[in-house]
Amino acid sequence: MSSARWNATVVDAPGQEPFAILGDLLLAVRTPRSRDFVTVEVAPTSQCGSVIPDAELLVCSRPLPFLDHPLRGELHVGDPVDFEVQGHSYRLTLAGLQDSPAGPPWIVCDLLLERD
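A brief look at the structure comes next. Everything numeric in this text was worked out from a predicted model, so none of it was measured.

Observations regarding the environment of L26
Locating L26 in the fold gives a position in strand β3 (residues 25-33). Taking C-alpha positions, L26 is 9.4 Å from Q47, a pair spaced 21 residues apart along the chain.

Digging into the environment of C109
Tracing the backbone shows C109 in strand β8 (residues 107-115). Separated by 80 residues in the primary sequence, C109 and V29 place their C-alpha atoms 8.5 Å from one another. Discounting chain neighbours no more than four positions away, the residues touching C109 are A8, T9, V10, V29, V38, L94, G96 and L97.

A short note on the packing of aromatic side chains
The tally for this structure, following the rule as stated, stands at one aromatic pair. Relative to Y90, the ring of F83 has its centre 5.5 Å away and its plane inclined at 15 degrees; by these criteria the two rings are stacked. Grouping residues by exposure puts F83 and Y90 together as buried.

A short note on unusual backbone geometry
Omega for the bond connecting P104 with P105 falls within 30 degrees of zero, at 10 degrees, which places this linkage in the cis form. Tracing the chain through its elements places P105 in the loop between β7 (88-99) and β8. Positive phi, close to 50 degrees, is recorded for Q86, a residue that is not glycine. With respect to the helices, strands and loops of the structure, Q86 is situated in the loop between β6 (81-85) and β7.

Cut-offs used in this document
Here the residue numbering is sequential within each chain, running from 1 through the sequence in written order. Residues qualify for local features only when their pLDDT is at least 70, as the model is predicted, and side-chain atom pairs are given and counted only at 80 or more; totals for whole chains, interfaces and linings, by contrast, use all residues. Side-chain numbers come from the whole structure's heavy atoms, not from hydrogens or water. Strands here mean DSSP runs of E at least two residues long; helices mean DSSP runs of H or I at least four residues long; both are numbered from the N terminus. Note on contacts: a residue pair qualifies if any of its non-hydrogen atoms lie within 4.5 Å across the two residues. Stacked, tilted and edge-to-face are the three classes assigned to paired rings of Phe, Tyr and Trp, where Trp is represented by its six-membered ring and a pair needs centres within 6.5 Å; plane angles under 30 degrees give stacked, over 60 edge-to-face, the rest tilted. Relative accessibility decides the category of a residue: with a 1.4 Å probe and only protein chains considered, values under 20% of the type maximum give buried, values over 50% give exposed, and everything between is partly exposed.

If you want it as structure tokens, here you go:
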């Protein structure tokens, strides 16, 4: 039984920010991705600093938000992934994945995060 649960929908499309803050973690959707998995980065919010991109920034060599030393991995639809951050155990599930209204290659991810 989890002690805390968070649900989030992350839209990776033009004009959207492809991340969510779930409890004390920031989760960012990255490429590569496909119809049944996405690549994610996870980091504690305490190590993320500001996650709001600079409005003057037009081209950047790294994806936003910048995460220092994140956990990286792939999430497959319906397959939970267990991991630990700062002494807490988490389980992250990609509950759903579909094309965004902007069309391919843009996506909408439904996520579930549980903390024990």
